[in-house]
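Coordinates in review
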Amino acid sequence: MKRPAAGLGFERFSGLYLWALFIVIFTLWQPDLFATGATVHSVAADRAIGALLALGIVVPLICGVYDLAIGATANLSTIIAVLLLNRGWNLVAAAVFAIVVGTTIGAVNGFIVVRLKVNSFITTLGMASILAAVQIIVTGNLQPRPATNTAWDAFTQTTVFGFQIVVIYMLVIAAVLWWALGHTPAGRYLYAIGSSPDAARLSGVRVDFYTWTSLIASGTIAGIAGVLYASLSGPSLSYGSGLLLPAFAAVFLGSTQITPGRFNIWGTVLAIYVLATGVKGLQLVTDVQWLDPMFSGVALIAAVAVAIGRQRSGDERKRKRLVGTESTPPAQRAGEDADTHSTAGT
């Protein structure tokens, strides 16, 4: 049987074609507002932090672990970075400390999931609530004043070819994760764990270690996202929870792109900006504010439905092949095997 060509097929790149369709429609509909460099640059920068959180979600999700605390982790890192800067800390020291806080939270999540055997969904959901309480304790439920530091603002707001440099940071992190997950043994181990933890363990993979590491990586990326958000937009007490659903929607929608059926980096980035383009275009046309959560919710449900449908069709094909093999008479199967061996011999 011939394998389908691995080109720009609709099954792998439907999101790319949808993105192109959005661009054409809204360019014709609102050429003076949509088809401008300012719109392109603003969409790219506005979604960079959400894209980072989505990338952070991908890593543990590959091995079957959820991190529902990633938004709260980023939010707390933002607040800590701003508070330290306001107290006179050096820019680098404040940023590193805030990122280490995110890493520590990821390590604690990993300890609870791996050592205490608590389901990751419950663990990280509870951790998100704990971090919200910690944030209130630290701030007194009052938003800190923004850090007044020129270098701090330039950290994310410097432009490169018209794009704010935070977009470049996001793409660099995406490239590193793509390489690590697709071209290193650690990445292959994570996918093996996600496919079957028991089979991976029997094959010698240190399942607990890599599961723990994936949550540490997620927390670290959340810490980086929090620091970048603080520089880009200033302190906020509630942005993290608002980015959680769009991030998960992008991850699951991304799993239907480029490498269908697998959580992957570039599919996630593509999904982020497909959704962002659709939302931005409709906002310019209708001027309503509920489109972003509506798009994210619909995308999440649709992506999961597509993934489940593909899994069921794959299982059905396997079942039919198995039934066909079992229904073949033993003598016929023996003859087919003999023919195969003789053909191989010639």
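Scroll up to find the structure this text is about.
First things first, this report covers the structure right here in the doc. The residue count restarts for each chain, going from 1 along the sequence in the order it is written. Local features in a predicted model are, by the rule used here, given only for residues with pLDDT of at least 70; side-chain atom pairs are given and counted only at 80 or more, and totals for whole chains, interfaces and linings are based on all residues. Excluded from the side-chain calculation are hydrogens and water; included are all heavy atoms of the structure.

On to the overall build of the protein. Each helix is a run of DSSP H or I of at least 4 residues and each strand a run of E of at least 2, with the numbering of both proceeding from the N terminus. When helices and strands are counted, the protein shows 15 helices and 2 strands. Buried means the residue's accessible area, taken with a 1.4 Å probe over protein chains only, is under 20% of the maximum for its type, while exposed means over 50%, and partly exposed covers the values in between. Sorting the 346 residues of the protein into buried and exposed places 42% on the buried side. Residues count as neighbours in contact if any of their non-hydrogen atoms are within 4.5 Å of one another. Considering only contacts within the protein whose residues lie at least 6 apart along the sequence, 74% involve residues at least 24 apart. Residue-level accessible areas treat just the shown protein chains as cover; the underlying method is Shrake-Rupley with a 1.4 Å probe. In the form shown here, the protein has an accessible surface area of approximately 18,000 Å², with 66% of it arising from carbon and sulfur atoms.

In this section: the nonpolar core. Think of a nonpolar core as a cluster: buried Ala, Val, Leu, Ile, Met, Phe, Trp, Tyr and Cys residues, connected wherever their side-chain atoms sit within 4.5 Å. Counting residues in each nonpolar core, the largest one holds 61 residues, and the members touching the most others are V166 and Y273. Of all the elements, helix α3 (residues 48-62) adds the most residues to this core, at 12 residues. In terms of nonpolar packing, the next biggest core, distinct from the first, is built from 22 residues, A94, I112, A128 and L131 among them.

Only rings of Phe, Tyr and Trp enter the pairing, Trp through its six-membered ring, and a pair is recorded when the two centres are within 6.5 Å. The plane angle decides the type: under 30 degrees is stacked, over 60 is edge-to-face, the rest tilted. Inspection of the entire model under this criterion finds 13 aromatic pairs. Considering the side-chain rings of F22 and F26, the 6.1 Å spacing of their centres and the 35° angle between planes classify their relative orientation as tilted. Of the two residues, F22 and F26 are both situated in helix α1 (residues 10-29); the distance of 4 residues between them amounts to about one turn of the helix. Judged by its relative accessible area of 4%, F26 falls in the buried class. Considering the side-chain rings of F155 and Y169, the 5.6 Å spacing of their centres and the 40° angle between planes classify their relative orientation as tilted. Placement of the pair is F155 in helix α7 (residues 150-157) and Y169 in helix α8 (residues 165-183), with a sequence separation of 14 residues. For F155, a relative accessible area of 28% puts it in the partly exposed group. Given a relative accessible area of 25%, Y169 falls into the partly exposed group. Among the aromatic residues, those joined into a ring-pair cluster are F22, F26, W29 and F34. Whether a charge sits over a ring depends on NZ of Lys or CZ of Arg being within 6 Å of the ring centre and within 35 degrees of the ring normal. Just above the ring of Y191 sits the side chain of R262; from NZ or CZ to the centre is 3.8 Å.

Attention now moves to helix α11 (residues 207-233). Along its 27 residues, α11 runs 38 Å from first to last C-alpha, staying within 8% of the 39 Å computed at 1.5 Å per residue. Of the residues one or two after α11, G234 is the one with positive phi, at around 90°. What a helix should span is 1.5 Å times the count of its residues minus one.

What follows is about a nonpolar patch on the surface. Taken together, the side chains of I168, L171, V172, V176, W178, W179 and W266 make up a nonpolar region of the molecular surface, amounting to roughly 640 Å² of accessible area. As for its placement among the helices and strands, V172 is situated in helix α8. Each patch is built from residues lacking any salt bridge and having more than 30% relative accessible area; the joining distance is 9 Å for like charges and 5 Å for nonpolar side chains (Val, Leu, Ile, Met, Phe, Trp, Tyr). Salt bridges are defined by distance alone: a side-chain nitrogen of Lys or Arg within 4 Å of a carboxyl oxygen of Asp or Glu.

This paragraph deals with the packing of α3 against helix α13 (residues 265-286). Fitting a line to C-alpha atoms yields each axis, with helices limited to the stretch in contact; the angle taken between N-to-C directions then spans 0 to 180 degrees. Look at α3 against α13: their axes get within 10 Å of each other, and the N-to-C directions meet at 145°. For the crossing formed where α3 meets α13, the hand is right-handed. Contacts between α3 and α13 involve A48, G50, A51, A54, L55 and V58 on the former and, on the latter, I265, T268, V269, I272 and Y273. By the convention adopted, Pro, Cys, Tyr, Trp, Phe, Met, Ile, Leu, Val and Ala count as nonpolar, Lys, Arg, Asp and Glu as charged, and the other residues, Gly among them, as polar. Looking at the contact of α3 with α13, its residues break down into 9 nonpolar, 2 polar and no charged. By convention, the crossing between two helices is left-handed when the near helix turns anticlockwise from the far helix through less than a right angle, and right-handed when the turn is clockwise.

Helix length check: helix α12 (residues 239-254) (16 residues) gives 23 Å between terminal C-alpha atoms against 22 Å at 1.5 Å per residue, within 8%. Taken together, the buried positions of α12 are Y239, G240, P246, A247, F248, A249, A250, V251, F252, L253 and G254.

Turning our attention to the side chain of N109. Among the secondary structure elements, N109 is positioned in helix α5 (residues 91-114). Setting aside chain neighbours within four positions, we find N109 in contact with D67, A69, T123, T124, M127 and L215.

Bringing the pattern of salt bridges into the picture now. Under the criterion given, the structure shown has 3 salt bridges. Between D208 and K117 there is a salt bridge, with the nearest N and O atoms lying 3.9 Å from each other. With a gap of 91 residues between them, D208 in helix α11 and K117 in the loop between α5 and α6 (120-139) connect regions that are remote in the sequence. D208 is paired through a salt bridge with R201; the nearest N and O atoms lie 3.8 Å apart. If you follow the salt bridges from partner to partner, you end up with K117, D198, R201 and D208 in one network.

Turning our attention to the environment of L131. When you line up the elements, L131 lands in helix α6. According to the relative accessible area criterion, L131 is buried, its value standing at 6%. Not counting residues up to four positions away in its chain, the partners in contact with L131 are A69, A72, T73, L76 and I105.

On to empty space enclosed by the protein. In this analysis the probe radius is 1.4 Å and the grid spacing 1 Å, with only protein atoms considered; a cavity is a set of points the probe fits into but cannot get out of, a pocket is an open set with protein on both sides within 12 Å along at least five of seven lines, and lining residues have an atom within 4 Å of a point. Grid points are joined across faces, edges and corners, and a volume is the space filled by probe spheres set on the points. Under the criterion given, the structure shown has 1 cavity of 30 Å³ or more. A volume near 40 Å³ is recorded for the largest cavity. Considering the residues around the largest cavity, the lining is formed by R47, P246, I272, L275, D292 and S296. Mapped by element, the contributors of at least two residues to the lining of the largest cavity are α13 and α14 (291-327). Split by residue class, the lining of the largest cavity holds 3 nonpolar, 1 polar and 2 charged.

Time to look at the packing of α12 against α13. Between α12 and α13, the shortest axis-to-axis distance is 7 Å and the interhelical angle comes to 120°. Comparing the axis directions of α12 and α13 gives the class oblique. When the axes of α12 and α13 are compared, the crossing they make is right-handed. Contacts between α12 and α13 involve A250, V251, L253 and G254 from the former and G267, T268, A271, I272 and L275 from the latter. Throughout this description, any angle smaller than 35 degrees is read as roughly parallel, any larger than 145 degrees as roughly antiparallel, any in the 65 to 115 degree range as roughly perpendicular, and the remainder as oblique.

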